Structures are given as structure tokens and as C-alpha cells.
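Structure at a glance
Listed below are the residues making up each chain.
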Amino acid sequence: MRVFRRFATPVALIFVGAFLTQCGAPSPPAPTTTSTTTVPTTTTSTRTTSTRTTPPTTASTAKPTTRPTPTTPTPAAATVRPVTAAELGASWRPGCPVGPELLRRVSLDHVGFDGQTHRGELIVHQDLVADVIAVFEQLYRLRYPIEKMRTVEHYPDALDELSMEDNNTSAFNCRPLPSGRGWSLHAYGRAIDINPLINPYIDSRGNIEPKNAGPFLDRARTDPGMLHAGDPAVLAFTDRGWRWGGDWRTPKDYQHFERR
Ligand SMILES: [Zn+2]
């Protein structure tokens, strides 16, 4: 649920003449919970809906409305760089459905399980860069915690199982679907797995990935970082047209978001 805070209108006094409103001044940033300051290279600002009440048009003897100082932290700007086949290491090989030239390395701030700001990296398809920056900016503002976010070639043979067991959030990995039928959207840089240990994958036979995720099959748990239907963190993706594997009947893939 997105909550828009509505600020109390100051007591309006019937007092024609003293007209202390900001009507003629440029509007300051709307103090909603989702937008405070401008963040470069994102598309989220345009999505922000301002529900700020219109400044009072009746006069007030009070000072001009003092708005609460926004407390939502702003992430540092994301950076975007090209990647080479060498950098992709074991996560890419000739024959993969997209080449390195279509992929980008995006460095992003995220909130960690310690509540502190950390810098992580995702490799995604170039077409999704703006979307990914916007989503992660929103996750940051929501203070949705991500334990770690590093690219999968840091793990031996870029094995997804090892990345998942480590609760590592990642995107690109040239690998087939778990079913073996075709490429995963991760192989196109068009899918992201979020906190995969605590948001596991469960197939129709009850097999789980990663294999150490058993305690997190109980989706009534509310550990920080667990994703549930309707969570603001889920909506950060799905409101932008991404699909969430937690909405699928089978397999259930709570960690998985994809954009075709
Ligand atoms: Zn996935």
C-alpha cells in the first residue's frame, strides 16, 4: 500500500488582507512519502503523485506553513558502465542469448540488513537500466533491506545456487530455466532475484532453491527482506510492469522479478 501523507491544513482564520500563502511562489517539493528531492537519471519522479493540500487561500496570522523536513534518505546517484566478456567471467560464454555489448553494470545504493547504506552492483540489459535505477531508488526510500548485491561471477562457476545460498541479490546470469527448457530471463539481463535465500524458489514437486531455504518456506514469517503479496517492495517492481514470481501458481519464485 502506498500511503500518502496528508498534512493538516492550518486553522484558517477569516481575515481578508493578510495573505500569507505561497500561491505566487513556485511550489516547493511536495512532502509526500515518495518524493523529496530530485534524483538524477531516474524516472520515478514523474510517477510521484502529489496529494498535498492546496495552500490555504484564507489568510492566517501564522507564519507561512512550515512543512516537516523530509526524513527519507536519498540514495547516491547510480552509475552505469559497460561490461566486457572478461568482466562477466563464468556468468557469460559465447552462445548466450545476449552479448556483453547489450549489458550494463549498474552500481546502486541499497539499505543493508544492518540498516546502513551499502553500494551494490547489478548487471542488467541496457533497455532496463532506467527502470532498475528507479526501482532501487524506491526500495532505498522504503528502507527495504537487501543483504548483499554483487555480480554472480564472484561465485565459483557463477553458480546460481551458491549466490542464492549466500542470500545474494543478482540479475544477469547466462543460465537455463530450472526446467531446462530454454533460457531464463536472467540470461537476457531481464530478471532480478532479491534476497533469494529468504525468498526461495519452489517448483511443482516441492523442490526448493536454494537448498538451505527450508526455514523460509513458511511465508507467514515476516523477517526483514521477505517479500509478500502487496508489499511496497513488490509494488516497486510490479507498478512498473515487472512480473513477480510470487504471483505465480507454480513454480513459486518469491525472489524473482522480470521484465520482458
Ligand atoms: Zn530469478
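Data block above holds the structure.
This is a predicted model, so every value here is computed, not measured.

So, how was this worked out
Residue numbers here run from 1 along each chain, matching the order of that chain's written sequence. For this predicted model, a pLDDT threshold of at least 70 governs which residues receive local features, and a threshold of 80 or more governs which side-chain atom pairs are given and counted, while totals over whole chains, interfaces and linings are taken from all residues. For two strands to be treated as a pair, DSSP must find at least two bridges joining them. Secondary structure elements follow DSSP: runs of H or I of four or more residues count as helices, runs of E of two or more count as strands, with numbering from the N terminus.

Time to look at the sheet that holds strand β6 (residues 208-209). For sheets, the rule is that strands pair by backbone hydrogen bonds, running either parallel or antiparallel. On the basis of which strands lie adjacent, the open sheet formed by three strands has the order β6-β5-β8 and antiparallel pairing. Both outer strands of the open sheet, β6 and β8 (252-253), are each paired with one neighbouring strand and no more. The sheet contact formed by strand β5 (residues 201-202) and β6 spans two bridges and is antiparallel. Each bridged residue has a counterpart across the sheet, and for Ile 202 the counterpart in β6 is Ile 208.

For the rest of this paragraph, the subject is unusual backbone geometry. A cis amide bond links Glu 209 to the next residue, Pro 210, at an omega of -5 degrees. By the element assignment, Pro 210 lies in the loop between β6 and α4 (232-238). Omega for the peptide link from Thr 250 to Pro 251 comes to -5 degrees, which places this bond in the cis form. Tracing the backbone shows Pro 251 in the loop between β7 (243-244) and β8. Phi is positive for Arg 143, which is not a glycine, with a value near 60 degrees.

Remember, this is a structural readout, not a statement about activity or role.
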